[in-house]
Amino acid sequence: MNDSIRAQFPILHQTVKGRPLIYLDNAATSQKPLAVIQAIDDYYRQYNSNIHRGAHHLAQMATEQYEAARQTVADHINASVREINFVRGTTEAVNLVANAYGRKFIQAGDEIIVSEMEHHSNIVPWQMLCEEKGATLRVIPITDSGELVQEAYLAMLSPKTKLVAVAHTSNALGTIHPVKEMIAAAHAVGAVVFIDGAQALPHTSIDVQDLDCDFLGFSGHKVFAGTGIGVLYGKAALLEQMNPYMGGGEMIKTVSFRGTTYNDLPYKFEAGTPHIEGGISLGAALKYVQSIGLPVIAAYENELLQYATQAIQAVPGIQLVGTAAQKASVLSFLIGGIHPYDVGVLLNEQGIAIRTGHHCCQPLMERFGIEGTCRASFAFYNTRAEVDVLVQALQRAVKILS
Ligand code: C6P
């Protein structure tokens, strides 16, 4: 990617510990382009107001911008606006489905399937639901290279399976799962499917109709928008049947002590004043991504990942964790017996930001018999030159630590 793209990300142009910042923690959160910063700034300088309630000019402007952002999200994933529920992030999306769908439809003896590679947020809400309902959580195992064992998944599916919850792309290993086929297999036994799209949206085009997923959750902050905003997509027919998640203003049509009626989609799931500038920032972020083009982004990042995968082999003792055939923008690794945290600290001394630890995937780490990894995760503003500096910094770290 050229300098004009990096110029859109002011945070990248600083030094850390006297060296140019190299930000390789994009799976944790991405940096924000000027278009997003400007959208948030405009909201507070020009039309800060509560939405859906005021008759006045500012309220109308804020409502228009917020709803325009919802339309942008809907178009981006090929959904209808009624199916786009603004939430805080992927975590809230999972919890919303577990509570509003799961508590109504999951019963004792039912089975929910997740994978061994899920982020904690796509495990714990289902565990809680199973505990409450007397349902069983089944776990798709993974291979040594970090792929889901598809035969095991297919063997697990039965009429008892009521819900399958899997990530599109693993945050810890970068593996891209064959979700379209997995969704079709789940549907064949009558199960609904939640796709955790947190690590997919920044890197690839997602078309919910093509995938035919029942639910999709993702976080705005990983796709270049602000924090505290995310999306739960759900098929309208399912959302209609679900109970509200939280009660309060906005999600109601009428309130009386004789009984309350609930609002239409998507407001039924949006109690209280929402994260208005967050939603607006998400609209701006997706438009920005569209202006570059996801196929262009995916091709560039794929090439960068191949380059990094080769280049890092020059580090003595390097061991990649997660070598799946289909991967997106993540290099997880260990170096000899060196603790990942020590590597992270030494890289930070050289201005390089990576993440170390279990990446909120403790069952996955247990599967590999490790406590954690070093994780470098890339975005389209990262460069080969940055990869080269990472490799040199790792070589230096090895000399110091071994
Ligand atoms: N992963 C990472 O460094 P929230 O916190 O709700 O925005 O996203 C949770 C989440 C869910 N699923 C996947 C696949 C994720 O990667 C994440 C967030 C970050 O890997 C922070 S732990």
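Note that this is a predicted model, so its numbers are computed, not measured.

Reading guide: rules and limits
Residues numbered from 1 in each chain as written. Predicted model: local features only at pLDDT ≥ 70, side-chain atom pairs only at ≥ 80, totals over all residues. Heavy atoms only, no water. Helix = DSSP H or I, 4+ residues; strand = E, 2+ residues; numbered from the N terminus. Rg over C-alpha atoms; globule rule 2.2 N^0.38 Å. Contact = heavy atoms within 4.5 Å. Lys, Arg positive; Asp, Glu negative; His and termini not counted. Charge placed at Lys NZ, Arg CZ, Asp CG, Glu CD. Domains from an automatic or database assignment. Buried area = accessible area lost by both parts, 1.4 Å probe. Salt bridge = Lys/Arg side-chain N within 4 Å of Asp/Glu carboxyl O. Polar contact = N/O pair within 3.5 Å; in protein donor to acceptor, adjacent residues only side chain to side chain. Near = heavy atom within 4 Å. Core = buried A, V, L, I, M, F, W, Y, C linked by side-chain atoms within 4.5 Å. Buried < 20%, exposed > 50% of the residue type's maximum accessible area, 1.4 Å probe, protein only. Phe/Tyr/Trp six-rings, centres within 6.5 Å; stacked < 30°, edge-to-face > 60°. Lys NZ or Arg CZ within 6 Å of the ring centre and 35° of its normal.

Caption draft 1: Main features of the overall build of the protein. From N to C terminus, the protein includes 14 helices and 17 strands. Against the globule reference of 21 Å for 402 residues, the protein gives a C-alpha radius of gyration of 22 Å, in line with a compact fold. Taken along its principal axes, the extent of the C-alpha atoms in the protein is 75 × 55 × 30 Å. Considering only contacts in the protein between residues 6 or more positions apart, those separated by 24 or more positions represent 71%. Of the side chains in the protein, 29 bear a positive and 37 a negative charge, and the two mean positions are spaced by 3 Å.

Caption draft 2: Looking closely at the domain arrangement of the protein. In terms of domain boundaries, the protein breaks down into domain 1 (3–31 + 293–401) and domain 2 (37–290). Computed from C-alpha coordinates alone, the two centres of domain 1 and domain 2 are separated by 28 Å. When domain 1 packs against domain 2, the two sides together hide about 2900 Å² of surface, and 57% of this comes from carbon and sulfur. Taken as a group, L294, L364 and R367 account for 21% of the area that domain 1 buries against domain 2, more than any other trio of residues on that side. Counting the contacts that link domain 1 with domain 2 gives one salt bridge. D144 is paired through a salt bridge with R367; the nearest N and O atoms lie 2.7 Å apart. Where domain 1 packs against domain 2, one counts 26 residue pairs in polar contact (both at pLDDT 80 or more). The set of elements that each furnish at least two residues to the side of domain 1 that touches domain 2 consists of α11 (294–311), β14 (330–335) and α13 (362–368). At six residues, the largest contribution of residues to the side of domain 1 that touches domain 2 is made by α13.

Caption draft 3: Examining the site of the ligand more closely. Neighbouring residues of the ligand: 17 residues in total, closest T91, D196, Q199, S219 and R355. In this structure, an oxygen atom belonging to the ligand sits 2.4 Å away from a side-chain N or O atom of R355. When we break the shell around the ligand down by domain, the ones giving at least three residues each are domain 1 (3–31 + 293–401) and domain 2 (37–290).

Caption draft 4: Layout of the nonpolar core. By size, the foremost hydrophobic cluster in this structure holds 100 residues, and its most contacted members are L216, L282 and F380. When we break this core down by domain, the ones giving at least three residues each are domain 1 (3–31 + 293–401) and domain 2 (37–290). Beyond its immediate sequence surroundings of up to four residues, L282 is in contact with V73, F86, F218, G220, V223, A225, I229 and V231. Membership of the second largest hydrophobic core comes to 27 residues, among which are V94, V97, V114 and V192.

Caption draft 5: Broad picture of the side chain of S281. Among the structural elements, S281 can be located in helix α10 (residues 276–292). Owing to a relative accessible area of 0%, S281 belongs among the buried residues under this scheme. For S281, the residues in contact, after removing those within four places along its chain, are V36, I40, A225, G226 and I229.

Caption draft 6: View of the packing of aromatic side chains. Tallying each qualifying case throughout the model produces 14 aromatic pairs. A ring pair is formed by F9 and Y288, whose centres lie 5.9 Å apart and whose planes are at 75°; its orientation type is edge-to-face. Placement of F9 in the loop between α1 (3–6) and β1 (15–16) and of Y288 in helix α10 is noted, with a sequence separation of 279 residues between them. Across this residue pair, the class does not change: F9 and Y288 are buried. With 6.3 Å between their ring centres and 40° between their planes, Y288 and F380 make a pair best called tilted. Of this pair, Y288 sits in helix α10 while F380 sits in the loop between β17 (373–377) and α14 (384–401); the two residues are 92 residues apart in sequence, bridging distant segments of the chain. Taken individually, Y288 and F380 each receive the classification buried, so the pair is uniform in this respect. Among the aromatic residues, those joined into a ring-pair cluster are F9, F224, Y288, F380 and Y381. A cation over an aromatic ring shows up here: R367 above the ring of F368, its NZ or CZ 5.1 Å from the ring centre.

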